[in-house]
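What follows is the residue order along each chain.
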Amino acid sequence: RIMRPDDANIAGNVHGGTILKMIEEAGAIISTRHCNSQAGEPCVAALARVERTDFLSPMCIGEVANVSAEITYTSRHSVEVQVNVMSENILTGAKKVTNKATLWYVPLSLKNVNKVLEVPPIQYARKEQEDEGKKRYEEQKLDRLETKQRNGDVIFPIINPEPHTVGYSQSSLIHLVGPSDCTLLGFVHGGVTMKLMDEVAGIVAARHCKTNIVTASVDAINFHEKIKKGSVITISGRMTFTSNKSMEIEVFVDADPFVDESRERYRAVSAFFTYVSLSKEGKPLPVPQLLTETEDEKRRFEEGKGRYLQTKAKRQAQMQQAAQQ
Amino acid sequence: RIMRPDDANIAGNVHGGTILKMIEEAGAIISTRHCNSQAGEPCVAALARVERTDFLSPMCIGEVANVSAEITYTSRHSVEVQVNVMSENILTGAKKVTNKATLWYVPLSLKNVNKVLEVPPIQYARKEQEDEGKKRYEEQKLDRLETKQRNGDVIFPIINPEPHTVGYSQSSLIHLVGPSDCTLLGFVHGGVTMKLMDEVAGIVAARHCKTNIVTASVDAINFHEKIKKGSVITISGRMTFTSNKSMEIEVFVDADPFVDESRERYRAVSAFFTYVSLSKEGKPLPVPQLLTETEDEKRRFEEGKGRYLQTKAKRQAQMQQAAQQ
Amino acid sequence: RIMRPDDANIAGNVHGGTILKMIEEAGAIISTRHCNSQAGEPCVAALARVERTDFLSPMCIGEVANVSAEITYTSRHSVEVQVNVMSENILTGAKKVTNKATLWYVPLSLKNVNKVLEVPPIQYARKEQEDEGKKRYEEQKLDRLETKQRNGDVIFPIINPEPHTVGYSQSSLIHLVGPSDCTLLGFVHGGVTMKLMDEVAGIVAARHCKTNIVTASVDAINFHEKIKKGSVITISGRMTFTSNKSMEIEVFVDADPFVDESRERYRAVSAFFTYVSLSKEGKPLPVPQLLTETEDEKRRFEEGKGRYLQTKAKRQAQMQQAAQQ
């Protein structure tokens, strides 16, 4: 579809969140279609996890987004989908890869939303494809279990914070979940949640560096808990780490099914977004260093640095590998 | 994309206008891409005309719309695009053809919006395709000239009208044209206009028969005049004809570029929409007969009857032809 | 949240209606949460009234709106909420107060929408707070009863009106109430109604003075009647009064629950909006005087003048008081 002014920031760059939402919709369609391809209970595929994804080049207003999706692995109860996004300038014909994302879906019964159904197996062209898929499946399963533990954190507002401290740029927004935010099951689309998360992360980044910012990457996101129609969700973001030219922002989503008294407010999702600051010519700018004050902030900064160095090392290894081939 | 509650009426049927908007977006993308495929001045394709289209089966919330577009003819200054819409129930895998539409676009220069550029010719598989396309081109050109004449009509409100009269159901809405309604040239997308037209026609139909109604078909629509960002548009609809099971509604779009004082209010588009009333089981219901009062109303009723009988005869001829093949 | 192009007019000023909608959403969330804080029947808070609110400074595209809400009084069946809106330019860090609004909500049972539930009492820091709240409660109750009387008026269209007459700028729009416009109870959000009212009022103001206009204030709005999903609402606006630099516009909302034949069309809400005209530098411009023709128009002009002088006197008294302290 054509990118509109509302999809973009004031510099004309399409929000990463808009792209994440399109990716998720494509993934939900292909995996729901696959899971219903055999006779049996009708089901809707619910997003369980998005693997880390890099935004390779910014998309602009007026460009057309081409989204293609393919199922690359199925386990007994989950589907792995690979989604590619290309941006096309229909005036010049130029095409660029914007994103490659890997998503995991789980089929939930339409009749009983707590029942996970079985996934019809796909055919692999080669045995190695199945083995590699299985490896990816095991890895993400492990990672999902881990993140389930460390979810207790809350963001407290700070009065009169100094510029470039964590408290200065931290932000939160609340959203009342409406019908168009939801799947047929009455739960929020993962893509809607990711779009809101990107919006908050973008505000944190802009408050910190006061320039035009764009999403550079999103770390793996796990969707542990569904969010029901009519809930109020609070999305909070705080900066955790800055390198010379990038900012890492942690985003939490808390859901409050406040009309339904049987449930307390709970943490539904959390994730790390990385932003860069761009000059008017689209070149990355240096970003102001984050000032950490408390012990927790210092610890989170070190952890962010660890993630940053790990990603950097991985990318360099890939480039060397590519150069050798 | 997946159909959402916001795309549909309370019975769950997707608005015809939502489908028309998707069709037009697909047509705009493919024809803009084609017109920029040769080196030269960059341009944006603007909708000039949509041929008559039938809504063959209703689409529902949760279904996926598959839209495909193909260029079928090019004249020196215009492009004919054929767009097909399929609805797919991803739970059952069932697919149905929803619409087939033919649209005509004209490439306008990005630098000078009043300059119509030349269209790169397409290759035809067979000579007959080109000849048939040329015939269609000449026919629509003639029809566009004709409709340009009969555009002076205005809708006057009636005080305390009787049920089932023209005055009882006539409706109008105003809309302030925002940035997301517009193309890169700063003019309203044809699809946005058609969506608003369908909204008004649907309200007229529902006021008349007070049941669940759906768009059955739209007669050819000609876009004579562009509408600029920031304009206020008034969309007015009145019922012109009823058969046993259908209602014909005439819709006008008037644009008021009120910030730009040099221009008066002008008629931008007009069209005929046909609606049917559906029972809870989706069967067509009889509709209350339209009560005509003035001479003009009686004349328009007869003209509507003429269009109705012509369409019916054409459809029967097609069915006989199909039966013979 | 960040203000987008669609939230604003072509001069980049955010529509007052967008701000009113955010205010109402914040109020609905905090009061629904409060009313469900004690065990008992689940309920949704419905907007009953918004006190007069002034738009202190215009908000622009790209700015972030910070909305905070606090419960300031509870009666047996209603909740008073104070909402503050700050606009923040995240590039410069500049913050401005945009609005302060007071809203009254009533808890309606989720099971039986006609049943008003009891509100859990709040704790007051000082006895005077409770007394002042009670006084405000009694005052608004009286005002609500009064407005219920004077609701019969209708807007008749005028043919070929002269510029600057009432008939020249009067406008109306119809809107089909969709799922995203509604609360969990299936009734239109008060904020959605106010946004549409501001849209019509803005078109009336722009038609009158043909310049860039912004909402300056909204008089108290009472929501006497709920509007059901699937209804058609007609929002009509006409100018009632002009001072040197402001325009007062009366707006009516009529609901037509046309699928439900048991109910006639009814007046749901009415209110007065005040607009000012701004130059490109953001300075208030003189506005053309309203030409009144009929007796009713002259009477309404005088009434508008009364409201204008009263507000002016009140504001001057407040400024004197502030100067003395």
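Owing to the predicted nature of the structure, the values given are computational and were not obtained by experimental measurement. (Residues numbered from 1 in each chain as written. Chains lettered and ligands numbered in written order. Predicted model: local features only at pLDDT ≥ 70, side-chain atom pairs only at ≥ 80, totals over all residues. Heavy atoms only, no water.)

Per the secondary structure count, chain A includes 5 helices and 12 strands. Computed over the C-alpha atoms, the radius of gyration of chain A is 20 Å, within 12% of the 20 Å expected from 2.2 N^0.38 for a compact globule of 325 residues. Here the C-alpha coordinates of chain A stretch approximately 60 × 55 × 35 Å along the principal axes. Evaluated residue by residue, chain A yields a buried proportion of 55% over its 325 residues. (Helix = DSSP H or I, 4+ residues; strand = E, 2+ residues; numbered from the N terminus. Rg over C-alpha atoms; globule rule 2.2 N^0.38 Å. Buried < 20%, exposed > 50% of the residue type's maximum accessible area, 1.4 Å probe, protein only.)

After a rotation of 120 degrees and a shift along the axis of 0.1 Å, chain A superposes on chain C with an RMSD of 0.2 Å. Classification of the inter-copy transformation places it as that of a three-fold axis. Both copies present different contact surfaces, since only 18% of the interface residues of chain A are interface residues in chain C too. (Least-squares fit on C-alpha atoms with pLDDT ≥ 70 in both. Contact = heavy atoms within 4.5 Å.)

Once that is clear, we can look at the sheet that holds strand E8 (residues 221–222) of chain C. Ordered in space as E3-E4-E5-E1-E8 (chain C), the 5 strands form an open sheet in which the pairing is antiparallel. The open sheet has two edge strands, strand E3 (64–74) and E8 of chain C, and neither has a second partner. (Pairing = 2+ DSSP bridges.)

With that out of the way, let us pick up the UniProt feature "domain: HotDog ACOT-type" (unreviewed entry) in chain A. UniProt annotation of "domain: HotDog ACOT-type" (unreviewed entry) refers to residues 1–111 and 167–281 of chain A when read in the numbering used here. For residues 1–111 of chain A, helix accounts for 18% and strand for 41%, while the C-alpha atoms at its two ends are 33 Å apart. (UniProt positions renumbered as here; feature names shortened; annotations may be inferred.)

Tallied over the full model, the rule gives 53 salt bridges over all chains. The closest approach of N and O atoms between Arg-76 of chain C and Glu-118 of chain C, which form a salt bridge, is 2.8 Å. Taken together, the positions of Arg-76 of chain C in the loop between E3 and strand E4 (79–88) and Glu-118 of chain C in the loop between strand E5 (95–109) and helix H2 (127–149) put the pair 42 residues apart, joining distant regions of the chain. A relative accessible area of 56% means that Arg-76 of chain C is categorised as exposed. When salt bridges with common partners are traced through the structure, they connect Arg-49, Glu-51 and Asp-143 of chain A into a single cluster. (Salt bridge = Lys/Arg side-chain N within 4 Å of Asp/Glu carboxyl O.)

Take the interface of chain C and chain B next. With 28 residues of chain C at the contact, the number on the chain B side is 29 residues. Carbon and sulfur atoms make up 69% of the area that chain C and chain B hide from each other, which totals about 2600 Å². Linking chain C with chain B are 2 salt bridges. Asp-256 of chain C is paired through a salt bridge with Arg-207 of chain B; the nearest N and O atoms lie 3.7 Å apart. Taken together, the elements giving at least two residues each to the side of chain C that touches chain B come down to strand E6 (171–176), helix H4 (190–209) and strand E9 (232–242) of chain C. (Buried area = accessible area lost by both parts, 1.4 Å probe.)

Facing the 22 residues of chain A at the interface are 30 residues of chain C. Both sides of the chain A and chain C interface together cover about 2200 Å² of buried area, and 62% of this is carbon and sulfur. There are 2 salt bridges connecting chain A and chain C. When the shortest N-O distance is used, the salt bridge between Glu-88 of chain C and Arg-207 of chain A registers 2.1 Å. In this assembly, chain A and chain C are joined by 5 residue pairs in polar contact (both at pLDDT 80 or more). (Polar contact = N/O pair within 3.5 Å; in protein donor to acceptor, adjacent residues only side chain to side chain.)

Quick look at helix H4 (residues 190–209) of chain A now. Residues and elements named next belong to chain A. The terminal C-alpha atoms of H4 lie 29 Å apart, and with 20 residues this matches the ideal 28 Å at 1.5 Å per residue to within 8%. The buried fraction of H4 is high, at 19 of 20 residues. Count one or two residues on from H4 and you reach Lys-210, which has phi positive near 55 degrees. (Expected span 1.5 Å × (residues − 1).)

Before going further, it helps to examine the UniProt feature "active site" (unreviewed entry) in chain A. Residue and element names in this part refer to chain A. The UniProt entry lists Asn-9 and Asp-198 under the feature "active site" (unreviewed entry), expressed in the numbering used here. Spanning 190 residues, the named residues nonetheless gather at one spot, since no C-alpha pair among them exceeds 12.0 Å. Note that Asn-9 resides in the segment before helix H1 (16–35). Taking the relative accessible area as the measure of exposure, Asn-9 reaches 18% and is therefore buried. Relative to the helices and strands, Asp-198 resides in helix H4. Residue classification places Asp-198 among the buried positions, given a relative accessible area of 4%.

All names here are of chain A. Under the domain assignment used here, chain A contains domain 1 (1–121) and domain 2 (164–322). In total, about 2200 Å² of surface goes out of reach between domain 1 and domain 2, with carbon and sulfur atoms giving 61% of it. If you look at where domain 1 meets domain 2, you find 1 salt bridge. Note that Arg-52 and Asp-219 form a salt bridge whose closest N and O atoms lie 2.7 Å from each other. At the surface where domain 1 touches domain 2, the tally comes to 12 residue pairs in polar contact (both at pLDDT 80 or more). Secondary-structure elements contributing two or more residues to the side of domain 1 that touches domain 2 are H1, strand E1 (43–50), strand E2 (53–54) and strand E5 (95–109). A per-element tally of the side of domain 1 that touches domain 2 places H1 first, with 6 residues. Taken together, the residues of the side of domain 1 that touches domain 2 break down into 10 nonpolar, 9 polar and 6 charged. (Domains from an automatic or database assignment. Nonpolar A, V, L, I, M, F, W, Y, C, P; charged D, E, K, R; others polar.)

With that out of the way, let us pick up the state of the cysteines. Residues and elements named next belong to chain B. Counting across every chain of the model gives 0 disulfides over all chains. The cysteine Cys-182 is free of any disulfide, with Cys-43 supplying the nearest cysteine sulfur at 18 Å. For Cys-182, a relative accessible area of 9% corresponds to the buried category. Lacking any disulfide linkage, Cys-209 is separated from the closest cysteine sulfur, that of Cys-60, by 18 Å. Residue class for Cys-209 comes out buried when judged on its relative accessible area of 10%. (Disulfide = S-S within 2.5 Å.)

What follows is about the relation of the copies chain C and chain B. Overlaying chain C with chain B gives an RMSD of 0.1 Å, the required rotation being 179 degrees about an axis along which the chain moves by 0.1 Å. Taken together, the turn and the small shift mark the pair as related by a two-fold rotation axis. If distances are taken from each C-alpha of chain C to the rotation axis, the shortest is found for Leu-173 of chain C, at 2.1 Å. Comparing interface residues between copies, 100% of those in chain C also lie at the interface in chain B; the contact surface is shared.

Moving on, we get to the environment of Tyr-124 of chain B. All names here are of chain B. Structurally, Tyr-124 is set in the loop between strand E5 (95–109) and helix H2 (127–149). Given a relative accessible area of 18%, Tyr-124 falls into the buried group. As a C-alpha pair, Tyr-124 and Tyr-73 span 51 residues in sequence and 8.4 Å in three-dimensional space. Beyond its immediate chain neighbours, meaning those up to four positions away, Tyr-124 contacts Thr-72, Tyr-73, Thr-74, Gln-129 and Glu-130. Within the structure, Tyr-124 has its side chain in polar contact with the backbone nitrogen of Thr-74 (distance 3.3 Å).

Glancing now at the packing of H1 of chain A against H4 of chain A. Residue and element names in this part refer to chain A. Look at H1 against H4: their axes get within 8 Å of each other, and the N-to-C directions meet at 170 degrees. Classified by the angle their axes make, H1 and H4 are roughly antiparallel. Along the contact surface, H1 presents Gly-16, Gly-17, Thr-18, Leu-20, Lys-21 and Glu-24, while H4 presents Gly-190, Gly-191, Val-192, Met-194, Lys-195 and Asp-198. When its residues are assigned to classes, the contact of H1 with H4 shows 3 nonpolar, 5 polar and 4 charged. (Axes fitted to C-alpha atoms, helices over the stretch in contact; angles between N-to-C directions. Parallel < 35°, antiparallel > 145°, perpendicular 65-115°, else oblique.)

Next up on the list: helix H5 (residues 295–324) of chain A. Between the first and last C-alpha of H5 of chain A there are 44 Å, a value that for 30 residues agrees with the 44 Å anticipated at 1.5 Å per step. Buried residues along H5 of chain A sit against helix H3 (166–169), strand E9 (232–242), strand E10 (247–256) and strand E11 (266–278) of chain A.

It is worth spelling out the confidence of the model for chain A at this point. With 97% of its residues at a pLDDT of 70 or more, chain A has an overall mean of 89. Both confidence scores are given for the complex: pTM 0.81, ipTM 0.74. (pLDDT = per-residue confidence, 0-100.)

Okay, a nonpolar patch on the surface next. Together, Ile-61 of chain A together with Leu-110 and Leu-184 of chain B make up an exposed nonpolar region whose accessible area comes to about 220 Å². With respect to the element layout, Leu-184 of chain B can be found in the loop between strand E6 (171–176) and helix H4 (190–209). Take Leu-184 of chain B: its relative accessible area is 46%, and that puts it in the partly exposed class. (Patch = residues over 30% accessible without salt bridge, like charges linked within 9 Å, V, L, I, M, F, W, Y side chains within 5 Å. Areas by Shrake-Rupley, 256 points an atom, 1.4 Å probe, with all protein chains shown as cover.)

Here we come to the pairing of strand E10 (residues 247–256) of chain B. All names here are of chain B. Of all 10 residues that make up E10, 10 are buried, and the element is covered over most of its length. In E10, alternate side chains face the same way, and those of Met-247, Ile-249, Val-251, Val-253 and Ala-255 on one face and Glu-248, Glu-250, Phe-252, Asp-254 and Asp-256 on the other are all buried. Summarising the sheet, strand E9 (residues 232–242) and E10 pair through 10 bridges and their orientation is antiparallel. Looking at E10, one finds that Phe-241 is bridged to Glu-248. Counted between consecutive antiparallel strands, the loop separating E9 from E10 contains 4 residues. When E10 meets strand E11 (residues 266–278), the two strands line up antiparallel, connected through 9 bridges. Within E11, the residue paired with Ile-249 across the bridge is Phe-273.

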